[in-house]
Amino acid sequence: MAASPLYDEAEVLRMLGHDSERRQAFELVVRHYSEQLYWTIRRFVLTHEDADDVLQNTFVKAWQNLPAFERRSSLSTWLHRIAVNEAIDHLRRNKNRIAAEQVEPLAQRLLADDYFDGDQAEALLQQAIASLPDVQRTVFLMRYYDNLPYTDISSILGTSVGALKASYHIATRKIKDFLDKE
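A quick note: this is a predicted structure, and the numbers were derived from the prediction, not measured.

Reading the values: the criteria
Within each chain, residue numbers correspond to sequence positions counted from 1 in written order. With the structure being a predicted model, the display of local features is reserved for residues of pLDDT at least 70 and the display and counting of side-chain atom pairs for 80 or more, all residues being used for whole-chain, interface and lining totals. No hydrogens and no water enter the side-chain calculation; it runs on all heavy atoms of the structure. Each Phe, Tyr or Trp ring (for Trp, its six-membered ring) is paired with any other whose centre lies within 6.5 Å, and the angle between the two planes then decides the class: stacked below 30 degrees, edge-to-face above 60, tilted in between. In this description a helix means any DSSP run of H or I spanning at least four residues, a strand means any run of E spanning at least two, and both kinds are numbered starting from the N terminus. Think of it in three bands: residues with accessible area under 20% of the maximum for their type are buried, residues over 50% are exposed, and the middle band is partly exposed, with areas taken using a 1.4 Å probe on protein chains only. For a Lys NZ or an Arg CZ to count as sitting over a ring, it must be within 6 Å of the ring centre and within 35 degrees of the ring normal. Residues enter a nonpolar core if they are buried and are Ala, Val, Leu, Ile, Met, Phe, Trp, Tyr or Cys, with the set joined through side-chain atoms within 4.5 Å. Working rule for contacts: check all heavy atoms of both residues, and any pair within 4.5 Å makes them a contact. Salt bridges are defined as contacts in which a side-chain nitrogen from Lys or Arg sits within 4 Å of a carboxyl oxygen from Asp or Glu. Take the residue count of a helix, subtract one, and multiply by 1.5 Å to get its expected span. The arc refers to the directions leading from the helix axis to the C-beta atoms. In this analysis an axis means a line fitted to C-alpha atoms, helices contributing only their contacting stretch, and an angle means the value between N-to-C directions, from 0 to 180 degrees. In this scheme, roughly parallel covers angles under 35 degrees and roughly antiparallel covers those over 145, while 65 to 115 is roughly perpendicular and the rest are oblique. For this scheme, ten residues count as nonpolar: Ala, Val, Leu, Ile, Met, Phe, Trp, Tyr, Cys and Pro. Four count as charged, namely Asp, Glu, Lys and Arg, and the remainder, Gly too, count as polar.

**Observations regarding the packing of aromatic side chains**
Considering all chains together, one arrives at nine aromatic pairs under this definition. Ring geometry for Phe 140 versus Tyr 168: centroids 5.7 Å apart, planes at 15°, classification stacked. Of this pair, Phe 140 sits in helix α8 (residues 134-145) while Tyr 168 is found in helix α10 (residues 161-181), placing the two residues 28 residues apart along the sequence. The pair Phe 140 / Tyr 168 is uniform in exposure class, with both members buried. One aromatic cluster is present, built from ring pairs that chain together Phe 140, Tyr 144, Tyr 145, Tyr 150 and Tyr 168. One residue, Arg 143, lies across the ring of Tyr 150, its end atom 4.4 Å from the ring centre.

**Topic: the nonpolar core**
If you look at the biggest cluster of nonpolar residues, it comprises 46 residues, and the most contacted ones within it are Leu 16, Ile 41, Phe 44, Val 45, Leu 75, Trp 78 and Leu 79. Broken down by secondary-structure element, the contributors of at least two residues to this core are α1 (9-16), α2 (22-45), α3 (48-64), α4 (75-93), α7 (120-130), α8, α9 (150-157) and α10. In contact with Phe 44, other than residues within four places in its own chain, are Val 84, Ala 87, Ile 88, Leu 91, Thr 138 and Leu 141.

**So, the side chain of Arg 43**
With respect to the helices and strands, the residue Arg 43 is situated in helix α2. What makes Arg 43 buried here is its relative accessible area of 16%. Each residue touching Arg 43, except ones within four places of it in the same chain, is listed here: Gln 126, Leu 141, Tyr 145 and Asp 146.

**Considering the pattern of salt bridges**
This structure, assessed with the given rule, holds eight salt bridges. Where Asp 19 meets Arg 22, a salt bridge forms, and the shortest distance between an N and an O atom there is 2.6 Å. Here Arg 22 falls in the partly exposed class, since its relative accessible area comes to 22%. In this structure, Arg 92 engages Asp 134 in a salt bridge whose closest nitrogen and oxygen atoms are separated by 3.8 Å. Of this pair, Arg 92 sits in helix α4 while Asp 134 sits in helix α8, placing them 42 residues apart in sequence. Its relative accessible area of 53% is what places Arg 92 among the exposed residues. A residue is classified by how much of its surface remains accessible, and Asp 134, at 27% relative accessible area, is partly exposed.

**Focus: unusual backbone geometry**
Trans is the prevailing form of peptide bonds, just as negative phi is the prevailing case for residues other than glycine. Even without being a glycine, Arg 71 presents a positive backbone phi close to 65°. In this structure, Arg 71 sits in the loop between α3 and α4. Residue class for Arg 71 comes out partly exposed when judged on its relative accessible area of 45%.

**What about α3?**
Taking 1.5 Å per residue, 17 residues should reach 24 Å; α3 reaches 24 Å between its end C-alpha atoms and fits that length. When we look at burial in α3, the residues that qualify are His 48, Asp 50, Ala 51, Val 54, Leu 55, Thr 58, Phe 59 and Ala 62. One face of α3 carries all of its buried residues, which in axial projection span an arc of 165°. Of the exposed residues in α3, those oriented more than 90 degrees away from the buried face are Glu 49, Gln 56 and Gln 64.

**Here's the deal with the packing of α8 against α10**
Relative to each other, α8 and α10 sit at 95°, their axes nearing to 8 Å. As the angle between them shows, α8 and α10 are arranged roughly perpendicular. On α10, the residues touching Val 135, Gln 136, Val 139, Phe 140, Arg 143 and Tyr 144 of α8 are Leu 164, Ser 167, Tyr 168, Ile 170, Ala 171, Thr 172, Lys 174 and Ile 175. Tallied by class, the residues present in the contact of α8 with α10 amount to nine nonpolar, three polar and two charged.

**Observations concerning α9**
Of all the positions in α9, only Tyr 150, Ile 153, Ser 154 and Ile 156 are classed as buried. The buried residues of α9 all sit within an arc of 165° when viewed along its axis, so they share a single face. Looking at the buried positions of α9, the neighbouring elements they touch are α4, α8 and α10. Gly 158 occupies a position one or two residues after α9 and carries a positive phi of about 70°.

Here it is as structure tokens:
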């Protein structure tokens, strides 16, 4: 069995520009970015099933909007922007269902999830993060877990770096306060 070729972003971008190679190039994009985007999405939606759905929607939306990709940002940044927006949209669309599921504490649900590999402390941290408003949660997740620079987050979210820094600072303070109470 032949080894899979290494991912070459420049070559993939070239292929995406040609109708005859677009599908093959997009398959490479999906294989290369699926796991990374899955975990970005998973931090927002918390359940494996929801993360899979949002990931699929992300790639569908990316495929549909491929002709509009202007290469002003990297392919990774563009895909992350779509994934984060899809995750936030998912949370908004399912707000009532998610609120109803909060009857069982989030920490206990996470510990029972086969795909969650953390401990009680991680579950409590996830509960603290879930209690944040959307913007603060988004900035915190992208900065803390993905270690993205504020400039990249600014590009993804279309918000100023100063506002992002303020949101991150407030989010960390709220998380600390939440954990101190537990």
